[in-house]
Amino acid sequence: MLLEEERAHVIEIAQTISRIGLVPLTFGNYSLRDPQTGYVCVTPSGMPYATLHPSDIVVVDVDSNVVDGERRPSIETPLHTGIYRRRPDVFGIVHTHSTFCTAWACRDIDGMPCVTSGSADLVGGKVTLAPFRLPGSQELADVTAEAIGQDKACLMGNHGAICADSSIDAALKDAIILEEGAKVAYYAFQMGDVNVITDQLARFMQDDTAQNYGQVK
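Residues numbered from 1 in each chain as written. Predicted model: local features only at pLDDT ≥ 70, side-chain atom pairs only at ≥ 80, totals over all residues. Heavy atoms only, no water.

### Quick notes on the layout of surface pockets
At step 1: Put simply, the largest pocket is a space of about 620 Å³.
At step 2: Taken together, 19 residues make up the lining of the largest pocket; nearest its centre are Lys152, Lys173, Thr209, Ala210 and Tyr213.
At step 3: If you list the elements that add at least two residues to the lining of the largest pocket, you get helix H4 (117-123), helix H6 (168-191) and helix H7 (199-212).
At step 4: If one sorts the elements of the lining of the largest pocket by residue count, H7 sits on top with 5 residues.
At step 5: Its residues assigned to classes, the lining of the largest pocket shows 5 nonpolar, 8 polar and 6 charged.
At step 6: Of the voids in this model, the second largest pocket is the one considered here, and its volume is about 190 Å³.
At step 7: Thr26, Gly28, Asn29, Ser74 and Ile75 are the residues nearest the centre of the second largest pocket, which is lined by 16 residues in total.
At step 8: Residues belonging to the lining of the second largest pocket are distributed by class as follows: 5 nonpolar, 10 polar and 1 charged. (1 Å grid on protein atoms, 1.4 Å probe; cavity = no way out; pocket = protein on both sides within 12 Å on 5 of 7 lines; lining within 4 Å. Points joined across faces, edges and corners; volume = space filled by probe spheres on them. Helix = DSSP H or I, 4+ residues; strand = E, 2+ residues; numbered from the N terminus. Nonpolar A, V, L, I, M, F, W, Y, C, P; charged D, E, K, R; others polar.)

### Remarks on the packing of aromatic side chains
At step 1: Following the criterion strictly, the structure yields 5 aromatic pairs and no others.
At step 2: Measuring from centroid to centroid gives 5.3 Å for Tyr186 and Tyr187, while their planes differ by 65 degrees, and the two rings are edge-to-face.
At step 3: For Tyr186, a relative accessible area of 36% corresponds to the partly exposed category.
At step 4: Take Tyr187: its relative accessible area is 46%, and that puts it in the partly exposed class.
At step 5: One aromatic cluster in this structure is built from Phe100, Tyr186 and Tyr187.
At step 6: Looking at Arg33, its charged tip hangs above the ring of Phe91, at a distance of 5.0 Å from the centre. (Phe/Tyr/Trp six-rings, centres within 6.5 Å; stacked < 30°, edge-to-face > 60°. Buried < 20%, exposed > 50% of the residue type's maximum accessible area, 1.4 Å probe, protein only. Lys NZ or Arg CZ within 6 Å of the ring centre and 35° of its normal.)

### Focus on the environment of Val10
At step 1: Along the chain, the position of Val10 falls in helix H1 (residues 4-19).
At step 2: For Val10, a relative accessible area of 0% translates into the label buried.

### Considerations on the environment of Ile57
At step 1: Note that Ile57 resides in the loop between strand S2 (40-42) and strand S3 (58-60).
At step 2: Judged by relative accessible area, Ile57 falls into the buried class, the value being 0%.
At step 3: Here the alpha-carbon distance between Ile57 and Leu201, two residues 144 residues apart in the chain, equals 41 Å.
At step 4: Sequence-distant contacts of Ile57, defined by excluding residues within four places in its chain, comprise Arg7, Val10, Ile11, Cys41, Val42, Thr43, Pro44, Leu52 and Asp68. (Contact = heavy atoms within 4.5 Å.)

### Details of the pattern of salt bridges
At step 1: This model, assessed by the stated rule, comprises 6 salt bridges.
At step 2: In this structure, Asp68 engages Arg7 in a salt bridge whose closest nitrogen and oxygen atoms are separated by 2.7 Å. A residue pair is termed long-range when its members are at least 10 positions apart, and Asp68 in strand S4 (residues 66-68) and Arg7 in helix H1 qualify at 61 residues.
At step 3: Under the relative-accessibility criterion, Asp68 is labelled partly exposed at 27%.
At step 4: Salt-bridge contacts for Glu146 lead to Arg86; the nearest nitrogen and oxygen are separated by 3.2 Å. Here Arg86 lies in helix H2 (residues 77-86) and Glu146 lies in helix H5 (residues 138-148), a separation of 60 residues in the sequence.
At step 5: Note on Glu146: relative accessible area 56%, which makes it exposed. (Salt bridge = Lys/Arg side-chain N within 4 Å of Asp/Glu carboxyl O.)

Here it is, written out as structure tokens:
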């Protein structure tokens, strides 16, 4: 089977996301790009994550053409491949419908304010909001790829959130941080005056964390 280990890993990520509650039912979709072949392993459309087998994960190229697999790939496959085409640094994408991120994505505002250090480290400022487009459409893929730009995450209008990083494991971590930031922001605004982190300070924090956090590589 082509890219069997990579396909199995996509399932592990999907099941983890379901278990920790970042999506209900079969919502969301996940993929990784194999650095050797350039092929993308993406979740199938509408199948329960708990019962997935590696053969259910679909292998496509970066133009969304099926290379291997008998299932229909996620309807959001163009969303994933559109980002991969624009971002040679991205090898994993996680699209969730987590509650607090989705709530912020339903607001008629210019992105989600940055109020936590974790959010600052992730995106270096407010989280960009892509305008609403129909799910599964090329228009959705285009506006989302534009909105995320060179960031690791953005919100999708009236829809959810998407994270793109150097691996699918890193993208999962980003999705957890993004949802936690969205939750804290919601509660903070309910409590009253909020000390929003400016984009300039958030970018400084992001750069400082990238240079100094963790062990020496």
